[in-house]
Amino acid sequence: MLSATMSRVQCNISSAHTRPSTVVAFDWLLKPRKFLKTPQGTTAYVSAAGCFCGAILFLIAVCAACVPAVSANFKAGDGLQSTYDWLVLFCSMLGSKFFGLGCAASFILGNNLDYTQQLDAWKAQGKLGHPPRYKWIGFHPDSCYWWGGVLYILGNIQYNIASTCAFAHNFPQQYESWSANTVKWLVTVMYTSGGACYLLAGLFYVLTDTGPKFWKGVLVPTQKRDGRRLTWWINWLNFWGAVMYCIGGVFMNYRSRLPYHPAYQIENAVNEGGGSLCYAISGLLCWFQLSLSANEPSDDRPLAQQGTSQTAQYGASPNIQEGFQDPGNSTADIQIV
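Starting from 1, residues in each chain are numbered consecutively following that chain's sequence as written. Owing to the predicted nature of the model, reporting of local features is limited to residues with pLDDT of at least 70; listing and counting of side-chain atom pairs is limited to 80 or more, with chain, interface and lining totals taken over all residues. Computation of side-chain values: all heavy atoms of the structure, hydrogens and water removed.

Engineer: Mind showing me how you'd approach the overall build of the protein here?
Structural biologist: Within the protein, the regular secondary structure consists of 13 helices and zero strands. For the purposes of this entry, the term helix denotes a DSSP run of H or I that reaches at least four residues, the term strand denotes a run of E that reaches at least two, and both are numbered from the N terminus. Listed N to C, the secondary structure of the protein is α-α-α-α-α-α-α-α-α-α-α-α-α in terms of helices and strands. Throughout, exposure labels follow a simple rule: accessible area from a 1.4 Å probe, protein chains only, divided by the maximum for the residue type, with under 20% read as buried, over 50% as exposed, and the rest as partly exposed. Expressed as a percentage of its 337 residues, the buried residues of the protein come to 52%. Of the contacts made within the protein by residues no fewer than 6 positions apart, 79% connect residues no fewer than 24 positions apart. Each accessible area is a Shrake-Rupley estimate made with a 1.4 Å probe; only the visible protein chains count as cover when residues are assessed. Carbon and sulfur atoms make up 67% of the accessible area of the protein, which amounts to about 15,600 Å² in all. Residue contacts follow a heavy-atom distance rule, with two residues in contact if any of their heavy atoms lie within 4.5 Å.

Encoded structure:
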C-alpha cells in the first residue's frame, strides 16, 4: 500500500556478488534479515509485509463471506460459535491490524526520505557530531508523501474501529445492548469514511510519481517506461484498490435494501475482494522493489551533484506542486525487463 514510498528509499544494503535479478527479487523471502539491519530497511520491509498480510486476511474474509454454506452458518449474537465469526469477522479484524502496521510504516518512510543521504554525508565527514536522527513522526504539509501516509493512517483507524466493533457485536452482551444506530455508526459509517480516506491517500501517492497530471498514473501507462516501472504499478494498484474499497463502503449503507443473494455478495466480492487483491499484489511488488533496489550500487557522488534531492518530496519545497520529481530520477525505481 502503501509503500510506493520505497521507490524513494535507499537502504544501503550492498551485495558482494552480482546475481540474476530474478533471484535477487526474492531476497525479501530468502534473506529477510539483511533488510532488518537499518531503520529504513526495517520500516520498508514492515510496510510491504503489513500491506500484503492484511490484504490476504481481508481476501480470506471476503471469499468466506461469499460462500453460501458459511453465510448460512452465521447467527448474530451467538458468541463466536459459527465458522462465519472466525473466517469473516475475525479475519477482517486481524487484517485491519496488519494493514495498520503497513500504513504506519509508510508514514514513517515518508518522514525519512532523506535519511540515507544524511547518514552517508555524516559518515563522509568522519562521523563528526551526532548521527542523523530517524524520525518516527513529523509534520510536512508540503509533502504528498506525508499527506498520503496521514490519510492511510486515518483510514486504517476507521477500518480498525469498524472491524473490531463488528467482531465485538457478535458477543451476546454487546449484541443486546447496542442499538441499530450505534452499529451503523461504528461499523457501516466507519467503513465508508475509511474507504474515502484510502482513496485520497492513494491519489496523493500517485501525485508523487506523476505530478499534477494524476490521470497518467491511474488509467493505462502513457509511456513505455511507465509500464515497466514497479513504482507505477504499485501506485496504480493502491489507487484502484482504494477505489474498490470506497465503493464497497458506500454499498454497505444499502445492504438492507439489497437481496443478500446474489446482489450484495457479488458487490462484496468485486469491490472488497478486488480491492484486497490489488493491495496484496501491491505489497508483493513492494517486496520485490525493496529486494532489487537493495542490490543496486549506491551513488557515491557528493549530494550536491546527484540531481534532484530527495528533500524535494520531503518538505523543503514551499508547496506541493513544486515537490514533484521526474519519476525517472529515482535509482530505486526498478524497471521490469
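Engineer: In this structure, what is going on with the environment of Cys51? I would like to understand it.
Structural biologist: With respect to the helices, strands and loops of the structure, Cys51 is situated in helix 3 (residues 39-65). Remark: the alpha-carbon pair of Cys51 and Gly102, spanning 51 residues in sequence, is separated by 5.1 Å.

Engineer: Mind showing me how you'd approach the nonpolar core here?
Structural biologist: Among soluble globular proteins, nonpolar side chains are generally buried collectively. The criterion is simple. A nonpolar core is a set of buried Ala, Val, Leu, Ile, Met, Phe, Trp, Tyr and Cys residues joined through side-chain atoms within 4.5 Å. With 37 residues, the main nonpolar core has Tyr152, Tyr198 and Tyr279 as its most contacted residues. When residues of this core are traced back to their parent elements, those giving at least two are helix 3, helix 5 (83-110), helix 7 (144-168), helix 9 (180-210), helix 11 (230-252) and helix 12 (260-294). Core analysis: the second largest hydrophobic core is formed by 26 residues, Phe35, Cys278, Leu285 and Leu292 among them.

Engineer: Whenever I open this one, unusual backbone geometry confuses me. Can you help?
Structural biologist: One can expect most non-glycine residues to show negative phi and most peptide bonds to be in trans. In this model, Lys127 sits at a positive phi of 60°, which is unusual for a non-glycine residue. Among the secondary structure elements, Lys127 is positioned in the loop between helix 6 (115-124) and helix 7.

Engineer: What should I look at first to understand the packing of aromatic side chains in this one?
Structural biologist: To describe a pair of aromatic rings, one takes the distance between the centres and the angle between the planes. Put simply, two rings from Phe, Tyr or Trp (the six-membered ring, in Trp's case) pair if the centres are within 6.5 Å, and we call them stacked under 30 degrees between planes, edge-to-face over 60, tilted for the rest. By the definition in use, this model includes 34 aromatic pairs. Among the aromatic residues, those joined into a cluster by ring pairs are Phe58, Phe99, Tyr145, Tyr152, Tyr159, Tyr191, Tyr198, Tyr205, Tyr245 and Tyr279.

Engineer: So what exactly am I meant to see when it comes to helix 7 here?
Structural biologist: Owing to its 3.6 residues per turn, the α-helix brings residues three or four apart onto one side. In this analysis, the expected span of each helix is defined as 1.5 Å times one less than the number of residues it contains. For helix 7, spanning 25 residues, the distance from its first C-alpha to its last is 36 Å, which sits close to the expected 36 Å at 1.5 Å a residue. Where burial is concerned, most of helix 7 is hidden: 18 out of the 25 residues are buried. For helix 7, the capping residue at the N-terminal end is Ser143, with a side-chain oxygen 3.2 Å from the backbone nitrogen of Tyr145. Counting of polar contacts relies on pairs of N or O atoms within 3.5 Å, with two restrictions inside protein: one atom must be capable of donating a hydrogen and the other of accepting it, and residues adjacent in sequence are counted only when both atoms are side-chain atoms.

Engineer: It is not clear to me how the environment of Asn112 should be interpreted in this structure. Could you clarify?
Structural biologist: Along the chain, Asn112 falls in the loop between helix 5 and helix 6. Among the residues examined, Asn112 registers a relative accessible area of 0% and is labelled buried. Residues Asn112 and Tyr134, spaced 22 residues apart in sequence, show a C-alpha to C-alpha distance of 6.7 Å.

Engineer: What should I look at first to understand the pattern of salt bridges in this one?
Structural biologist: Any two side chains of opposite charge can pair, given that their charged atoms come close. Salt-bridge detection follows one rule: a side-chain nitrogen of Lys or Arg within 4 Å of a carboxyl oxygen of Asp or Glu. The full count for this structure, using the stated rule, is three salt bridges. Among the ionic pairs, Arg229 bridges to Asp209, the shortest N-O distance being 2.9 Å. One end of the pair, Arg229, is in the loop between helix 10 (224-227) and helix 11; the other, Asp209, is in helix 9, and 20 residues separate them in sequence. By relative accessible area, which is 2% here, Arg229 ends up buried.

Engineer: Just checking my understanding: could you explain the packing of helix 5 against helix 7 for this structure?
Structural biologist: When two helices pack together, their arrangement is captured by the angle between the axes and the distance separating the axes. Interaxial angles span 0 to 180 degrees and are taken between N-to-C directions of axes, which are lines fitted to C-alpha atoms, for helices over the stretch in contact. Two elements in contact, helix 5 and helix 7, have axes whose closest approach is 8 Å; the angle formed by their N-to-C orientations is 160°. In terms of orientation, helix 5 lies roughly antiparallel with respect to helix 7. Helix 5 and helix 7 meet at a crossing whose hand is left-handed. Put simply, Ala, Val, Leu, Ile, Met, Phe, Trp, Tyr, Cys and Pro go in the nonpolar bin, Asp, Glu, Lys and Arg in the charged bin, and everything else, Gly too, in the polar bin. Residues that form the contact of helix 5 with helix 7 fall into these classes: 15 nonpolar, nine polar and two charged. Throughout, the term roughly parallel applies to angles under 35 degrees, roughly antiparallel to angles over 145, roughly perpendicular to angles from 65 to 115, and oblique to all others. Here a crossing is called left-handed whenever its near helix is offset anticlockwise from the far helix by less than a right angle, and right-handed whenever the offset is clockwise.

Engineer: Hey, could you run me through the side chain of Ser82 in this one?
Structural biologist: Of note, Ser82 is situated in the loop between helix 4 (68-72) and helix 5. A relative accessible area of 4% means that Ser82 is categorised as buried. Here the side chain of Ser82 touches Asp85 through a polar contact of 3.0 Å, side chain to side chain. Look past the residues within four positions of Ser82 in its chain and what remains in contact with it is Asn73, Phe74 and Lys75.

Engineer: How should the environment of Trp178 be read in this particular structure?
Structural biologist: Checked against the element boundaries, Trp178 lands in the loop between helix 8 (172-177) and helix 9. Not counting the four nearest positions on each side in its chain, Trp178 is found in contact with Cys165, Ala168, His169, Val183 and Leu186.

Engineer: Please explain the packing of helix 3 against helix 5 as it appears in this structure.
Structural biologist: Close contact between helix 3 and helix 5 brings their axes to 7 Å; oriented N to C, the two are set at 155°. Between helix 3 and helix 5, the crossing angle belongs to the class labelled roughly antiparallel. You can see that helix 3 and helix 5 cross each other, and the crossing is left-handed. Each residue belonging to the contact of helix 3 with helix 5 can be placed in one class, and the counts come to 22 nonpolar, 10 polar and no charged.

Engineer: Looking at this structure, how should I read helix 6?
Structural biologist: Looking only at helix 6, the buried set comprises Tyr115, Thr116, Gln117, Leu119 and Trp122. The elements touched by buried residues of helix 6 are helix 3. Where helix 6 ends, the next residue or the one after it, Gly126, has phi of about 75°, a positive value.

Engineer: Which parts of the structure should I look at to understand the confidence of the model for the protein?
Structural biologist: Detail in the predicted coordinates should be disregarded across regions flagged by low pLDDT. Here the protein shows a mean pLDDT of 80. Residues at 70 or above account for 78%. The predictor attaches a confidence to each residue, and that confidence, scored 0 to 100, is pLDDT. Per-element confidence in the protein is highest for helix 7, whose mean pLDDT is 94, and lowest for helix 13 (residues 311-316), whose mean pLDDT is 31. Across residues 298-332, where pLDDT falls below 50, the model places 73 contacts with residues more than four positions away in sequence or in other chains.

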